[in-house]
Amino acid sequence: MAKFDEELRALKERVLKLGSMVETAIRDSVKSLVERDSALAKEVIKKDHLINALDVEIDEESIRLIALRQPKARDLRFIITAMKITTDLERMGDLAENIAERAIELNEEPQLKPYIDIPRMADIAQEMVRGALDAFVKCSRVPYELIKKDDEVDKLNVQVFNELLFYMIQDPRTVPRAMRISYVAKYLERIADHATNIAEMVIYMCEGKIIRHTEISEGR
Amino acid sequence: MAIFDEELSALREKVLNLGSMVETAISDSVKSLVERDSDLAKEVIKRDHLINALDVEIGEESIRLIALRQPMARNLRFITTAMKITTDLERMGDLAENIAERAIELNEEPLLKPYVNIPKMAVIAQEMVRGALDAFVIGCTKLPYGVIRRDDEVDALTVKNFNDMLDLMIQDPKIIPIAVKRTYIAKYLERIADHATNIAEMVIYMCKGKIIRHIESPEET
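Residues numbered from 1 in each chain as written. Chains lettered and ligands numbered in written order. Predicted model: local features only at pLDDT ≥ 70, side-chain atom pairs only at ≥ 80, totals over all residues. Heavy atoms only, no water.

**Q** Give me the packing of helix α5 (residues 144–170) of chain A against helix α6 (residues 176–208) of chain B: which residues, what numbers.
**A** Contact pair α5(A) / α6(B): the axes reach a minimum separation of 11 Å and the direction vectors enclose 125 degrees. Comparing the axis directions of α5(A) and α6(B) gives the class oblique. The crossing of α5(A) and α6(B) is right-handed. Contacts from A:Phe161, A:Leu165, A:Met168 and A:Ile169 in α5(A) reach B:Ile176, B:Pro177, B:Val180 and B:Tyr184 in α6(B). (Axes fitted to C-alpha atoms, helices over the stretch in contact; angles between N-to-C directions. Helix = DSSP H or I, 4+ residues; strand = E, 2+ residues; numbered from the N terminus. Parallel < 35°, antiparallel > 145°, perpendicular 65-115°, else oblique. Left-handed = near helix turned anticlockwise from the far one by under 90°. Contact = heavy atoms within 4.5 Å.)

Shown next, in the form of structure tokens:
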């Protein structure tokens, strides 16, 4: 069914587009913090509704395809995975928005310390998003090292926090700022968790425990 | 199709069952903190795999039903909503586990001050979970707008808790590690309430059914 193939391809394109919008949101939100650019942060917040709209669009299209085309096995799992992935992507967008909100607050205060680990966390998180979506699109074997990257982000989060703790204990006046920075690190950690969720769903889809059920039921 | 109806009601039961496991996890994790009962906290952590297993089971059963029964319109939306809801429930379970982990750590330290905001947040969060799932189960007769409104209460308590802890930290920097853990627990509860809000939104979305129109008039496409 050539038309259905095309519809699936269009769905895939949209998921990728959503992914790249989310990547941009992550990058810009952290950039707005590091370069103290609150105008950019406001831009990120303003653009979040585009991410939400595309999420809803993908969802509707997925359900339409399931109802209309009654796909089996591989295609069905693909569409359902697309629906689940977009939920995670949309929430990453919300987290990027949260980073931008904290950036605006932090940019109004004197800078506590240079941001070193946070941009690194953002880079790794973006790589994870890209890698997971790549695997989704090609249904290639999911890079297990991708999932392991989550540990790096967790470690950096702890490292950032311990460093901030040191500042706070030395000088309690830094507590409000330090807490905000620690939240930014937490948001990035959660973004990496969402990327891990996507990678896990792709593994599940491609290595297909579920495909067996559907194939068995077709044979009945 | 009577078998299909039965399968749908079994799916509904499973989602409810998962919901009540998650509610228990939330209330036990906060209880383990407030009553300084680390054994109970360990219990919560130990039971999390049951929540995960049921989540996977519901996911598989949903896909099986879609593939096998090829449901249309209302039933299809019900099943896809069930799948999405369980993802949120499973993550709430993870957050309850995180609360239990922090509880174990905090129970080993002196009590800074009695827990007031956190138990309040937990009660509201649980009510939100129940309200959202009730709306899902009874169908579309009553939409859970009230659940969504309560999210603001939880957010306000998170901020209140944060400010209380900030005061303590500024007064006495030695207690920072303890106070920070308490702000984390409030954050976890705030996220649990967010997940409940997500569920409520999905139920409203399912009921108001923009999507049903597409499905009911496929000839238009």
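Let's pick the thread back up.
**Q** Just give me the short version of the packing of aromatic side chains, but keep the residues and values in it.
**A** Using the criterion set out here, one finds six aromatic pairs over all chains in the structure. When the ring of B:Phe78 is compared with that of B:Phe136, the centres are 4.8 Å apart and the planes differ by 5 degrees; the resulting orientation is stacked. Residue B:Phe78 is located in helix α3 (residues 73–107), and its partner B:Phe136 is located in helix α4 (residues 117–137); the two are separated by 58 residues in the primary sequence. When its relative accessible area of 1% is taken as the criterion, B:Phe136 is described as buried. Taken together, a centroid distance of 6.5 Å and an interplanar angle of 40 degrees make the contact between B:Tyr184 and B:Tyr188 tilted. Here B:Tyr188 and B:Tyr184 lie together in helix α6, a separation of four residues that amounts to about one turn. What makes B:Tyr188 buried here is its relative accessible area of 5%. Through a chain of ring-to-ring contacts, three or more aromatic side chains come together here, namely A:Phe161, B:Tyr184 and B:Tyr188. Sitting over the face of the ring of B:Tyr184, A:Lys186 holds its NZ or CZ atom 4.9 Å from the ring centroid. The positively charged end of B:Lys187 is found above the aromatic ring belonging to A:Tyr183, 4.8 Å away from the centroid. (Phe/Tyr/Trp six-rings, centres within 6.5 Å; stacked < 30°, edge-to-face > 60°. Buried < 20%, exposed > 50% of the residue type's maximum accessible area, 1.4 Å probe, protein only. Lys NZ or Arg CZ within 6 Å of the ring centre and 35° of its normal.)

**Q** Any chance you could break down the interface of chain B and chain A for me, citing the residues and the numbers?
**A** When the parts of a complex come together, some accessible area is lost, and that lost area is often used as the size of the interface. Tallying the contact residues gives 39 residues for chain B and 39 residues for chain A. For the pair chain B and chain A, the summed buried surface comes to about 3800 Å²; carbon and sulfur atoms form 66% of the total. Note that B:Arg91 is salt-bridged to A:Asp88, the shortest N-O span being 3.0 Å. The tally of links from chain B across to chain A stands at seven residue pairs in polar contact (both at pLDDT 80 or more). Elements with a minimum of two residues in the side of chain B that touches chain A: α2 (38–69), α3, α5 (145–171), α6 and α7 (210–216) of chain B. The element that contributes the greatest number of residues to the side of chain B that touches chain A is α6(B), accounting for 11 residues. Considering only residue class, the side of chain B that touches chain A consists of 22 nonpolar, eight polar and nine charged. (Buried area = accessible area lost by both parts, 1.4 Å probe. Salt bridge = Lys/Arg side-chain N within 4 Å of Asp/Glu carboxyl O. Polar contact = N/O pair within 3.5 Å; in protein donor to acceptor, adjacent residues only side chain to side chain. Nonpolar A, V, L, I, M, F, W, Y, C, P; charged D, E, K, R; others polar.)

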